[in-house]
Amino acid sequence: DTAVSQTPKYLVTQMGNDKSIKCEQNLGHDTMYWYKQDSKKFLKIMFSYNNKELIINETVPNRFSPKSPDKAHLNLHINSLELGDSAVYFCASSHRTGRTEAFFGQGTRLTVV
Amino acid sequence: AQSVTQLGSHVSVSEGALVLLRCNYSSSVPPYLFWYVQYPNQGLQLLLKYTSAATLVKGINGFEAEFKKSETSFHLTKPSAHMSDAAEYFCAVSHSGSARQLTFGSGTQLTVLP
């Protein structure tokens, strides 16, 4: 049983397209995140949801829109993809308190050509 | 505000040698600190965490880290490196007052030489 699963693992698409990445967790956590890892391996938080409510929205282009249909799911939709969006996107989940660790998915490697 | 600095983006050690990966944090409130490992083409896996209990924390795969408040450090060590330890290591910080987010350091790539 995969704790945090995201699909697809690889995504190659052309500039200007719209794409979605799906994430599901079966850990019973109430908080989910999207992180972006750039080519230098730097990890930066994009969004955080708690009980389906957006609580963190870092400086991310509004072409990126997270959607949380329920506590176990947090999807990421990206409109009008640009070359600079190429990165690895990680979904993660945790319990509410800051002292607990986040569990990460395997990542989605997005390549925009 | 919170931040993490990892000194040394690349560290090389010989198999069997001591591993020392450095992490310094900045936080206006007592921090919670984490070390994660990332193997190629995989997600992040928790190695260990400090959450205000014992200052010396033991984790998986023989790793441990010591929280030193006076030095604002949380360095990761392992007495004897194995080839399988080669990976990217990330230090991260959060705290009880945060919006439940982890702030990561820039990562350290560990190479283990035969």
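This is a predicted model, so every value here is computed, not measured.

1. Some thoughts on the overall build of chain B
On a plain count of helices and strands, chain B comes out with 0 helices and 12 strands. When its helices and strands are written in sequence order, chain B yields β-β-β-β-β-β-β-β-β-β-β-β. Against the 2.2 N^0.38 benchmark of 13 Å for 114 residues, chain B shows a C-alpha radius of gyration of 13 Å, consistent with a compact globule. Taken along its principal axes, the extent of the C-alpha atoms in chain B is 45 × 30 × 20 Å. Considering only contacts in chain B between residues 6 or more positions apart, those separated by 24 or more positions represent 57%. Here chain B carries 7 positive and 6 negative side-chain charges, and the mean point of each set is 10 Å from the other.

2. Side note on the interface of chain B and chain A
Listed as interface residues are 24 residues of chain B and, on the opposing side, 28 residues of chain A. Contact between chain B and chain A buries roughly 2,000 Å² in total, counting both sides, with carbon and sulfur atoms accounting for 51%. On inspection of chain B and its partner chain A, the count reaches 2 salt bridges. As a salt-bridge pair, Lys41 of chain A and Glu88 of chain B come within 3.8 Å of each other at their nearest N and O atoms. Summed over the shared surface of chain B and chain A, the result is 4 residue pairs in polar contact (both at pLDDT 80 or more).

3. Some points on unusual backbone geometry
For residues other than glycine, phi is negative in most cases, and the peptide bonds are mostly trans. The omega torsion of the bond from Thr7 of chain A to Pro8 of chain A falls at -5°, within 30 degrees of zero and hence cis. Residue position: Pro8 of chain A is located in the loop between strand 1 (4-7) and strand 2 (10-13). Unlike most non-glycine residues, Asn61 of chain B shows phi in positive territory, near 60°. Topologically, Asn61 of chain B is positioned in the loop between strand 7 (56-58) and strand 8 (64-68). For Asn61 of chain B, a relative accessible area of 41% gives the class partly exposed.

What counts, and where the lines are drawn
Residues numbered from 1 in each chain as written. Chains lettered and ligands numbered in written order. Predicted model: local features only at pLDDT ≥ 70, side-chain atom pairs only at ≥ 80, totals over all residues. Heavy atoms only, no water. Helix = DSSP H or I, 4+ residues; strand = E, 2+ residues; numbered from the N terminus. Rg over C-alpha atoms; globule rule 2.2 N^0.38 Å. Contact = heavy atoms within 4.5 Å. Lys, Arg positive; Asp, Glu negative; His and termini not counted. Charge placed at Lys NZ, Arg CZ, Asp CG, Glu CD. Buried area = accessible area lost by both parts, 1.4 Å probe. Salt bridge = Lys/Arg side-chain N within 4 Å of Asp/Glu carboxyl O. Polar contact = N/O pair within 3.5 Å; in protein donor to acceptor, adjacent residues only side chain to side chain. Buried < 20%, exposed > 50% of the residue type's maximum accessible area, 1.4 Å probe, protein only.

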